[in-house]
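Remarks on the overall topology
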Amino acid sequence: MRVVKVLNNSLVLALDEEGREIILMGKGIGFHKASGYEFGPEEVEKVFVLRDRSITRSIIRLAAETDSVYFEIAKNVIDYAIDTYHMKLLDHIYLSLTDHLAFAVRRTKKEIIVPNFYTQDMQHFNPNEYQVGQYALQVIKEQTGVFLPEDEAGNIAFHFINAQEDHPYNEKNRKIKQLTEDVLDIVKYYYQLVYDEDSVAYSRYLTHIRLFAQRLVSGKQLPVDESRLLYDQIAQVCTSEFSCVERVNRFVRERFGVSVTNQEEMYLALHIHRVLEGGRMKE
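Quick summary incoming for the structure in this document.

Applying the stated criterion to the full structure yields five cavities of 30 Å³ or more. Counted as a void, the largest cavity has a volume near 60 Å³. Lining the largest cavity, in full, are His 92, Ser 96, Asn 155, Phe 158, His 159, Asn 162, Thr 207 and Arg 210. When residues of the lining of the largest cavity are traced back to their parent elements, those giving at least two are α3 (92-109), α6 (152-163) and α8 (200-218).

For the rest of this paragraph, the subject is the pattern of salt bridges. Per the stated rule, a full pass over the model turns up eleven salt bridges. Arg 204 serves as the salt-bridge partner of Asp 99, at 3.2 Å between the closest nitrogen and oxygen. On the criterion of sequence distance, the pair formed by Asp 99 in helix α3 and Arg 204 in helix α8 is long-range, its members being 105 residues apart. On the accessibility criterion, Arg 204 (23% relative accessible area) is partly exposed. The salt bridge partner of Glu 264 is Arg 215, with a shortest N-O separation of 2.7 Å. Here Arg 215 lies in helix α8 and Glu 264 lies in helix α11 (residues 262-277), a separation of 49 residues in the sequence. A relative accessible area of 0% places Glu 264 in the buried class.

Per the stated rule, a full pass over the model turns up seven aromatic pairs. Ring plane angle 75 degrees and centroid distance 4.9 Å describe the contact between Tyr 190 and Tyr 191, whose orientation is recorded as edge-to-face. For Tyr 190, a relative accessible area of 28% translates into the label partly exposed. Note on Tyr 191: relative accessible area 13%, which makes it buried. For the ring pair Tyr 195 and Tyr 202, a centre distance of 5.2 Å and an interplane angle of 50 degrees mean the geometry is tilted. Ring pairs connect the aromatic residues Tyr 195, Tyr 202 and Tyr 205, which therefore count as one cluster.

What counts, and at which threshold
- Residues numbered from 1 in each chain as written.
- Predicted model: local features only at pLDDT ≥ 70, side-chain atom pairs only at ≥ 80, totals over all residues.
- Heavy atoms only, no water.
- 1 Å grid on protein atoms, 1.4 Å probe; cavity = no way out; pocket = protein on both sides within 12 Å on 5 of 7 lines; lining within 4 Å.
- Points joined across faces, edges and corners; volume = space filled by probe spheres on them.
- Helix = DSSP H or I, 4+ residues; strand = E, 2+ residues; numbered from the N terminus.
- Salt bridge = Lys/Arg side-chain N within 4 Å of Asp/Glu carboxyl O.
- Buried < 20%, exposed > 50% of the residue type's maximum accessible area, 1.4 Å probe, protein only.
- Phe/Tyr/Trp six-rings, centres within 6.5 Å; stacked < 30°, edge-to-face > 60°.

Nothing here speaks to function; it is all geometry.
As structure tokens, this is what we get:
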């Protein structure tokens, strides 16, 4: 296995014996390594033969802006899920979970807490995934010294639900999946947008919409913000995004008979804004 590029201390892009691009993972694997270095099997903890090149590109991009410790934590947690509950996981979880953990730690350090209103449902319907989420909180505390709120266990569990090839979706999860796809399509066609699915912005946007769909289907939206001060400030800047969100709101009213709360509208508009900044518009 020959090094093509050192991504960070924990990740290396390499070529295997058949000339295929692979990602090598291991604690300190990239330290003092250079292009052309030949790894022996005993030096590598994990080898990813990523058949989808878009995942390879996304990992390279994420590695450039994320501390290697979060890749190590994500691998630790994923290994735990596989060893403890024999989960069959798709490769994309190594990307999405790493990004989520790094983002959650940054939020917590800035004292930005995003409450999870479906923790009890997650514990009831998906106890194994939720327990993996709790294990992740413990590892993060040990590795970074940051105490993530208990609600984050539910957010982390959601990544493991989505990444399982054979997860037995109940009716609620099927509704969540369909609603997520519907909202993605509404935004896509409103802007005639071609999603850059390799981007970190899209990964965060997709995660937010999935969580929004989970809250909506569970009947536990973010509460109405009576002050509206922050809402009004953002609405003045993101007028186009709020118009798009109103399309989503109309769809939700027709499908579920409820309106989206102003806090949900505000966060959805912000994520649309971010994905537009990094998106590619059709000519």
